[in-house]
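As a plain string of letters, each chain reads:
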Amino acid sequence: MARKTRLTDPQDRRLRRIAREKGLVCPDCGSSEPVSKEGGELKDRPDGGLEVPVRCEACDGTSEMALVLSPEEAEALGFHSLGWSPETT
Ligand SMILES: [Zn+2]
């Protein structure tokens, strides 16, 4: 089951902050302010974390990037409260 990213503004702001704290930068232009990719597909990680697809706003680049969230960070962003639960398969 594919789950798409659709973040609220507060979630997006927190996501950006986490991306900065983690030092995620665009491989194309070096911008350190990736934004969540609308309609991207979230990926569960075996450790309970989550991978959120992001894109670069500065250069609108084509590079695929993913922000890896720990289970705690995913929880703090409210992903689980949106009805998204880990894959059961
Ligand atoms: Zn860029």
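Since the structure is predicted, the reported quantities are computational estimates derived from the model, not experimental observations.

Quick notes on the nonpolar core
Leu15, Val52, Val54, Leu67, Leu69, Leu77 and Phe79 are the most contacted members of the largest nonpolar core, which has 17 residues in total. Contributions of two or more residues to this core are made by α1 (9-22), β3 (50-56) and β4 (65-69). Take this core: its biggest share by element is 4 residues, from β3. With sequence-adjacent residues up to four places away left out, Leu15 is seen in contact with Leu7, Ser36, Val52, Val54, Leu67, Leu69 and Leu77.

Some details on the environment of Val52
Relative to the elements of secondary structure, Val52 occurs in strand β3. A sequence separation of 14 residues divides Val52 from Ala66, and the C-alpha atoms of the two residues are 5.3 Å apart.

A few points about the coordination of the zinc ion
In the first shell of the zinc ion, the protein supplies Cys26 (SG), Cys29 (SG), Cys56 (SG) and Cys59 (SG), at 2.3 Å from the metal. Between the 4 donor atoms coordinating the zinc ion, the angles at the centre fall across 106 to 114 degrees, so the site counts as tetrahedral. Classification of Cys26 by relative accessible area gives buried; the value is 4%. On the basis of relative accessible area, Cys59 is assigned to the partly exposed category, the value being 33%.

A look at the environment of Cys59
Summarising the element assignment, Cys59 is placed in the loop between β3 and β4. Sequence separation between Cys59 and Gly30 is 29 residues; the distance between their C-alpha atoms is 9.4 Å. When neighbours within four sequence positions are excluded, Cys59 is seen to be in contact with Cys26, Asp28 and Cys29.

A word on the pairing of β3
Counted residue by residue, β3 has 6 buried out of 7 residues, so it is predominantly covered. Pairing of strand β1 (residues 34-36) with β3 involves 3 bridges; the strand directions are antiparallel. Bridging from a neighbouring strand, Pro34 pairs with Cys56 of β3. Across 2 bridges, strand β2 (residues 43-44) lies against β3 in antiparallel orientation. Looking at the pairing, Lys43 lines up with Glu51 of β3.

Criteria and cut-off values
- Residues numbered from 1 in each chain as written.
- Predicted model: local features only at pLDDT ≥ 70, side-chain atom pairs only at ≥ 80, totals over all residues.
- Heavy atoms only, no water.
- Core = buried A, V, L, I, M, F, W, Y, C linked by side-chain atoms within 4.5 Å.
- Buried < 20%, exposed > 50% of the residue type's maximum accessible area, 1.4 Å probe, protein only.
- Helix = DSSP H or I, 4+ residues; strand = E, 2+ residues; numbered from the N terminus.
- Contact = heavy atoms within 4.5 Å.
- Donors = N, O, S within 2.8 Å, 3.2 Å for Na, K, Ca; no water.
- Tetrahedral: all angles 85-135°; square planar, octahedral: opposite > 155°, others 65-115°.
- Pairing = 2+ DSSP bridges.

Nothing here speaks to function; it is geometry throughout.
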